[in-house]
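Okay, here's what each chain looks like letter by letter:
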Amino acid sequence: MRDPRTESRVERPAPVPAPVPPAPLIAGVSVDSSGPDVRVEFELNRPPGRGSYLVGLRAGDADRTTIRHLTVSLRDGRVTGLSTYDFGTATRTVHPRGGASCAGASVTALFPRASLAGLGEDRRITAYSSLNGQELQAGIPLTRVVTGGLRI
């Protein structure tokens, strides 16, 4: 039996979910291969927030037989992984997480020089980002490149 004291006949609206802030987007990318490692800096338009966020480089030779992804994985704004994936050999190499950092809207990563070596003169390197498995950006051109003997 229903209790009229606790039963409400007023319809309550469904709770309104909190607004989701826009995903961070890549504003600039610099690559510096003048040191012992390849240093990649991603400047975002806002710090990465909640969720699984990836930023990385897609690098390929002229005929696209060699394609590599150099990826920094973040979860809730903290670096959780650093890896290189070679599509030609289907090999994923996990690098020490200490080689990457996220400070505000800046993500910096150190990749082994071999990650970009051997792509030839007509190579193409662009940046990409994704959030929770959905690609946000692709084909972002590099804004600054410094080389030191490594032809990228």
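Data block above holds the structure.
Remember, predicted model here, so these are calculated numbers, not experimental data.

> Help me understand the overall build of the protein chain in this model?
Along the protein chain, the regular secondary structure elements total 0 helices and 11 strands. Relative to its full complement of 152 residues, the protein chain shows a buried share of 36%. Put simply, of all contacts in the protein chain between residues at least 6 apart along the chain, 55% involve residues at least 24 apart. For the protein chain, the accessible surface area stands at approximately 9,300 Å², while carbon and sulfur atoms represent 52% of it.

> Before we go on, may I ask you to explain the side chain of Thr84 in this structure?
As for its placement among the helices and strands, Thr84 is situated in strand 5 (residues 78-86). At 2.6 Å, the side chain of Thr84 and the side chain of His95 are in polar contact. When residues no more than four places from it in sequence are discounted, the contact partners of Thr84 are His69, Leu70, Thr91, Arg92, Thr93, His95, Phe111 and Ser115.

> Is there a simple way to explain the nonpolar core in this structure?
One broad rule of soluble globular proteins: the nonpolar side chains tend to lie buried together. Counting residues in hydrophobic clusters, the biggest one holds 25 residues, and the most contacted among them are Ile26, Val40, Phe42, Val55, Leu57, Val72 and Leu116. Secondary structure elements with two or more residues in this core: strand 1 (26-32), strand 2 (37-44), strand 3 (52-60), strand 4 (67-75), strand 5, strand 8 (106-112) and strand 9 (124-131). If we ignore the near neighbours within four places in the chain, the residues touching Val55 are Ile26, Phe42, Leu44, Leu70, Thr71, Val72, Leu74, Val107, Tyr128 and Ser129.

> Just to check I follow, could you spell out the sheet that holds strand 1 for this structure?
Two orientations exist for strands paired in a sheet by backbone hydrogen bonds: parallel and antiparallel. Pairing is mixed across the open sheet formed by 5 strands, whose spatial order is 7-8-2-1-11. Two strands bound the open sheet, and with one partner strand each, they are strand 7 (100-103) and strand 11 (144-146). Taking the axes of each pair of neighbouring strands and ignoring which way they run, one obtains an average angle of 10 degrees across the sheet. Relative to strand 8, strand 7 runs antiparallel, the two being bridged by 4 bridges. Looking at strand 8, one finds that Ala103 is bridged to Ser106.

> Looking at this structure, how should I read the packing of aromatic side chains?
Both the distance between ring centres and the angle between the ring planes are used here to describe each pair of aromatic rings. Overall, the coordinates contain 1 aromatic pair when judged by the stated rule. Pairing Tyr85 with Phe87 gives two aromatic rings, centres 4.7 Å apart and planes at 80 degrees, and the pair type is edge-to-face. Under the relative-accessibility criterion, Phe87 is labelled partly exposed at 44%. Against the face of Tyr128 rests Arg58, its NZ or CZ located 4.5 Å from the ring centre.

Reading the values: the criteria
Residues numbered from 1 in each chain as written. Predicted model: local features only at pLDDT ≥ 70, side-chain atom pairs only at ≥ 80, totals over all residues. Heavy atoms only, no water. Helix = DSSP H or I, 4+ residues; strand = E, 2+ residues; numbered from the N terminus. Buried < 20%, exposed > 50% of the residue type's maximum accessible area, 1.4 Å probe, protein only. Contact = heavy atoms within 4.5 Å. Areas by Shrake-Rupley, 256 points an atom, 1.4 Å probe, with all protein chains shown as cover. Polar contact = N/O pair within 3.5 Å; in protein donor to acceptor, adjacent residues only side chain to side chain. Core = buried A, V, L, I, M, F, W, Y, C linked by side-chain atoms within 4.5 Å. Pairing = 2+ DSSP bridges. Axes fitted to C-alpha atoms, helices over the stretch in contact; angles between N-to-C directions. Phe/Tyr/Trp six-rings, centres within 6.5 Å; stacked < 30°, edge-to-face > 60°. Lys NZ or Arg CZ within 6 Å of the ring centre and 35° of its normal.

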